[in-house]
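Read off the chains here:
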Amino acid sequence: MTARLAVLVSGRGSNLDAILDACAAGTLPARVTTVISDRPGAKALARAAARGQPTITIEARAFSERALFDAALDAELSRHSPDFVVLAGFMRILSDGFVKRWLGKLVNIHPSLLPAYPGLHTHRRALADRATVHGATVHFVTPALDAGPAVLQVEVPVRPNDTEQLLAARVLNAEHRLYPEALRRIVTGQVAFRDGAAYCGDARLARPERLPHLHS
Ligand code: GRF
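Everything numeric here is computed off the predicted structure, so don't read it as measured data. Just so you know, the residues in each chain are numbered from 1, in the order the chain's sequence is written. Reporting of local features is limited, given that this is a predicted model, to residues whose pLDDT is at least 70; pairs of side-chain atoms are given and counted only at 80 or more, and all residues count toward the totals for whole chains, interfaces and linings. Side-chain descriptors were evaluated using all non-hydrogen atoms of the structure, hydrogens and water having been removed beforehand.

## Overview of the sheet that holds strand S9 (residues 197-200)
Okay, step 1: Pairing in this open sheet of three strands is antiparallel, and the strands run S8-S9-S10 from one edge to the other. Each edge of the open sheet carries a strand with a single partner, namely strand S8 (192-194) and strand S10 (203-204).
Okay, step 2: Strand pairing is assigned whenever DSSP identifies at least 2 bridges connecting the two strands. Helix numbers and strand numbers start at the N terminus; a helix is a DSSP run of H or I with at least 4 residues, a strand a run of E with at least 2. As paired elements, S8 and S9 share three bridges and run antiparallel to each other. The residue of S9 that forms the bridge with Arg-194 is Ala-197.

## Let's talk about helix H6 (residues 164-187)
Okay, step 1: Each residue after the first adds 1.5 Å to the expected span of a helix. The end-to-end C-alpha distance of H6 is 33 Å, a good match for the 34 Å that 24 residues give at a rise of 1.5 Å each.
Okay, step 2: At every residue, the bend is computed as the angle between two fitted axes, covering the seven residues ending there and the seven beginning there respectively. In H6, a bend of some 30 degrees at Glu-175 exceeds every other bend along the element.
Okay, step 3: Just past H6, the residue Gly-189 takes up positive phi, approximately 85 degrees.

## Notes on the packing of helix H1 (residues 14-25) against H6
The relative placement of two packed helices is expressed as an angle between their axes plus a distance between the axes.
Okay, step 1: Where H1 meets H6, the closest approach of the two axes is 9 Å, and the angle between their N-to-C directions is 45 degrees. Regarding the angle of H1 to H6, the classification is oblique. At the point where H1 passes H6, the crossing takes the right-handed sense. Facing Ser-14, Asn-15, Ala-18, Ile-19 and Ala-22 of H1, the residues of H6 in contact are Leu-172, Glu-175, His-176, Tyr-179, Pro-180 and Leu-183.
Okay, step 2: Throughout this entry, Asp, Glu, Lys and Arg are counted as charged residues, while Ala, Val, Leu, Ile, Met, Phe, Trp, Tyr, Cys and Pro are counted as nonpolar. The remaining residues, Gly among them, count as polar. Split into classes, the residues belonging to the contact of H1 with H6 amount to seven nonpolar, three polar and one charged. Note on geometry: axes are lines fitted to C-alpha atoms, helical ones only across the stretch in contact, with angles between N-to-C directions running from 0 to 180 degrees. Any angle that is under 35 degrees is reported as roughly parallel, and any over 145 degrees as roughly antiparallel; angles of 65 to 115 degrees are reported as roughly perpendicular and all others as oblique. Crossing handedness follows the turn of the near helix against the far one: under a right angle anticlockwise gives a left-handed crossing, and clockwise gives a right-handed one. By definition in these notes, contact holds between two residues if any of their heavy atoms fall within 4.5 Å.

As structure tokens, then:
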């Protein structure tokens, strides 16, 4: 079965590209049926359009309240009936009602080894802590910010002379490997959301598997 994915973006769209590449290569048995941005100028929209992907913009600024934007987003998503809603650099916090409505289908990528560094500026915070290992996490979204059950992680080393930019680039590169693989596990049913947790078959994933770092 080819899963239907709706991808939500706000910015650059490099993870969207990685997902589209994996779909095209057949390593991810899925099809991106819609790309939705909350920002009209998002580079991700141009990237998607260049690949012939239909896109929609629901401009967040046009709505006076979060709940109204989320209702518009919900209506648009419902029209497409996606199997999964994939947040790929989507920079809005979604209301609890929206998250509950799409619970188990809503997936996010976060640039840290959660539960370390939820929220913003993850690379800066890892450097300030002199962390030696950093990375990224794909997780199911629950109402608590960046705290939903993890599906898969990837590790990257923090190098002695790292700057925030160098570390961010290393993590982003690893994300492009992580997200398609995590989505593959989800769309094939290898990992599923049940009762607030991620399961691999009957086993609750207490700790997510970590992909090792590949590049120097
Ligand atoms: C990634 O670092 C992702 O982890 C975070 O936002 C960034 C999106 O990058 N949630 P891109 O738009 O996919 O290039």
